[in-house]
Amino acid sequence: MDTLVVVCLLGDPTLPAVSVKHTGGFQVDIQELLYNTNKSSCVTHIITNTSQYCDKLFEKKDNYYIHRIPFENSWLDDQNLLMENIEYIKTSFFNILNELNTGEILIHSFYWLSGIVAYEAKKKYNINYVHSVVSLAIGKILSGSSPYFSKQFEYEKAFLERASMIFSITETEKEQLEEYYGTNSNKIVVVGRDVHPAFLHPSHIFDGTPEGVKNAQTGISPLDLLKCPWWMQGAYTFIGRIQIIKGLHHILSAWIKLYKKYGDVTPPLWICGGAPESISNFRIELEEYIDIELLEECERKQKIVWWGYLDPAGLSTIMLKTRVLVTHSLYEPGGRVLLEAFAASVPVIATPNGFANDMIQNNDNGFLVEYGNINDLSLAMEYFMNDDISFLSMKERARETYLKQHKKWDCYKKHFAVYQQLGLNSFDEKLLDN
C-alpha cells in the first residue's frame, strides 16, 4: 500500500496557525496538504514534535496518523541548541520509520530541519523524498535578517541536492534556489499556495448580497454604497504573528501618524493573531518605538483593536469590513495572508517580498512599500481613507489577481503529479476535479 510520510518538525498541524508561540503559516501548509490528500487512498503519516501545547506521542486521526518526537521546550526557542540534539532526533525519526512496515514510501519534508532527517533516511533506507523549502536561509540573509540556525544554509545545500523534487512557492524562491544553491531548474516546481474556502466564499460580496443569492435587487448599487458611511466604514487590518520581524511596530507608527493628522475619523487598526500572552509581551517591546500613552488612549477608544487568534471563518468576516490589509515584514518567503486577502477582494500593502513582490501592482491591487519607510507606509494607508471609484476597482483587481495566479499554480495537482511520478500510484491529479 502507498504511504506518504509528511515530516513537519516545528510545524505541528494540530495547532491553530498564528495562535500560540511558534505557530504560523507553516501549520496551514500542512493542514492544507492533509485536506487535499484525504481524497486519495494513500496512507498518510505525519511526523512532527511535542511541545508544551501537545505532548501526545501518537494519535490516529480520521485520515492520517500523527507521530511526535519528544522535544525539550528550550529547543524550540533556540534552534542552535536544537541542532545539538540532531542525533537523538534522527534516531527517533528512524524508529518511527521502522514501525511503519509498509510498501511504497515517499517522504515529503517541510522546512530545513525536516529536510535534514529526510536526507538521512535517503542515505540509510534509500527512500525518495521531496522537499518544500518553507523559508530558505538565503532569503533571510538577503533581506538583512538572519537564519534561526546559524548553519542552515550549509545544511540546505546538502539535502536539497539529494531531494528528488523541490516545491517552491514563488518564482523568486526558485531563482534563489538556482543561483545560490546550484539547483537544476528542472527539479523545482513552483506551486504557490491555496487558500481556505472561507476566503473565496465570504458571507457576502462587496454590495452586501449574501453568498449563494443571485439578483438580490437591493436597490443600492456598489457605486451608491460608496456614498453611505454607515456601510463603507472599515478598518486597516494586520494578520500575522505578533513579532517585531513582522513589522507591526512600523505599522502602528504609520497608523499613529495618520491618527495625529485626522483624529477619530482615521479608520481603526485591527490586529489579528496571537494569544493574550504574546500580545502583552509585544506591547512591552513597543515602548521603544511608540508613545504608549497614546496607544492606550486609542485602545480605549477602540481605534486599535487586538483580536487575537481567529480561524479562517473569523478572518473572512473581519475582511468584510477591511479597507486594506497592511503587512510589513522584513522578510517573507511567501505571505499566505496576502493570498487570503486577494481571494476575499481586499487590496494589500506589503513589502516587496514573496507573493507581494510577484503579485502586487502599485495603485492597481495594492502598494509595495520598502521595509522601515514609515512615511511611505503612512501615505499608502492614507490612500484608503478616500472613497471613490478607484477603491472598488482595486477590490475587483485584487480578486482577479488571485484567481488568475491560482489557476496558473494549480498547486495540488502539481503535488499529486510528483507523488505519482515517484511511485505513489494512488495519487491521481484528477482527484482534485472530483
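These figures come from a predicted structure and were not determined experimentally.

> Lay out the overall build of the chain with the relevant residues and their values.
Counting secondary structure elements, the chain contains 20 helices and 14 strands. By the compact-globule yardstick of 22 Å for 434 residues, the chain fits well, its C-alpha radius of gyration being 22 Å. Based on the C-alpha atoms only, the size of the chain along its principal axes is roughly 65 × 50 × 40 Å. Out of the 434 residues belonging to the chain, those deemed buried represent 56%. Considering only contacts in the chain between residues 6 or more positions apart, those separated by 24 or more positions represent 66%. Summed over its atoms, the accessible surface of the chain is roughly 19100 Å², and 49% of this surface lies on carbon and sulfur atoms. Here the chain carries 40 positive and 53 negative side-chain charges, and the mean point of each set is 3 Å from the other.

> Residues and numbers for the side chain of T3, please.
Mapped onto the secondary structure, T3 falls in strand β1 (residues 3-7). Classification of T3 by relative accessible area gives buried; the value is 1%. Once you skip the residues sitting within four places of it in the chain, T3 turns out to touch C42, V43, H45, T102, E104, I105, L106 and L424.

> Could you give an account of the pairing of β1, with specific residues and numbers?
Of all five residues making up β1, five are buried, and the element is well covered by its neighbours. Because side chains alternate across β1, one face comprises the buried residues T3, V5 and V7, and the other comprises L4 and V6, equally buried. Pairing of β1 with strand β5 (residues 105-110), which is carried by five bridges, proceeds in the parallel orientation. The residue bridging V6 from the neighbouring strand is H108, located in β5. Across five bridges, β1 lies against strand β2 (residues 43-49) in parallel orientation. Among the inter-strand pairings, T3 is bridged to a residue of β2, identified as V43. Chirality of the crossover, the property in question, places the unit of β1, helix α1 (residues 25-37) and β2 among those that are right-handed.

> With reference to specific residues and values, describe the sheet that holds strand β10 (residues 269-272).
The strand order across the open sheet built from six strands is β11-β10-β9-β12-β13-β14, with neighbouring strands paired in parallel fashion. Each edge of the open sheet carries a strand with a single partner, namely β11 (304-308) and β14 (366-368). Adjacent strand axes in the sheet meet at a mean angle of 20° when their direction is disregarded. Pairing between strand β13 (residues 348-350) and β14: three bridges, direction parallel. When the sheet's bridge partners are listed, V348 is paired in β14 with G366.

> So, empty space enclosed by the protein: which residues are in play, and what are the values?
All told, the structure shown has two cavities of 30 Å³ or more when counted by the stated rule. Empty space within the largest cavity amounts to approximately 110 Å³. What lines the largest cavity is a set of 13 residues, and nearest its centre among them are T327, E332, G335, A350 and A356. The set of elements that each furnish at least two residues to the lining of the largest cavity consists of α16 (336-343) and β13. Of the residues contributing to the lining of the largest cavity, the split by class is five nonpolar, seven polar and one charged. Approximately 40 Å³ is the volume attributed to the second largest cavity.

Here is what the cut-offs are and how they apply
- Residues numbered from 1 in each chain as written.
- Predicted model: local features only at pLDDT ≥ 70, side-chain atom pairs only at ≥ 80, totals over all residues.
- Heavy atoms only, no water.
- Helix = DSSP H or I, 4+ residues; strand = E, 2+ residues; numbered from the N terminus.
- Rg over C-alpha atoms; globule rule 2.2 N^0.38 Å.
- Buried < 20%, exposed > 50% of the residue type's maximum accessible area, 1.4 Å probe, protein only.
- Contact = heavy atoms within 4.5 Å.
- Areas by Shrake-Rupley, 256 points an atom, 1.4 Å probe, with all protein chains shown as cover.
- Lys, Arg positive; Asp, Glu negative; His and termini not counted.
- Charge placed at Lys NZ, Arg CZ, Asp CG, Glu CD.
- Pairing = 2+ DSSP bridges.
- Right-handed = clockwise from strand over helix to strand, strands pointing away.
- Axes fitted to C-alpha atoms, helices over the stretch in contact; angles between N-to-C directions.
- 1 Å grid on protein atoms, 1.4 Å probe; cavity = no way out; pocket = protein on both sides within 12 Å on 5 of 7 lines; lining within 4 Å.
- Points joined across faces, edges and corners; volume = space filled by probe spheres on them.
- Nonpolar A, V, L, I, M, F, W, Y, C, P; charged D, E, K, R; others polar.

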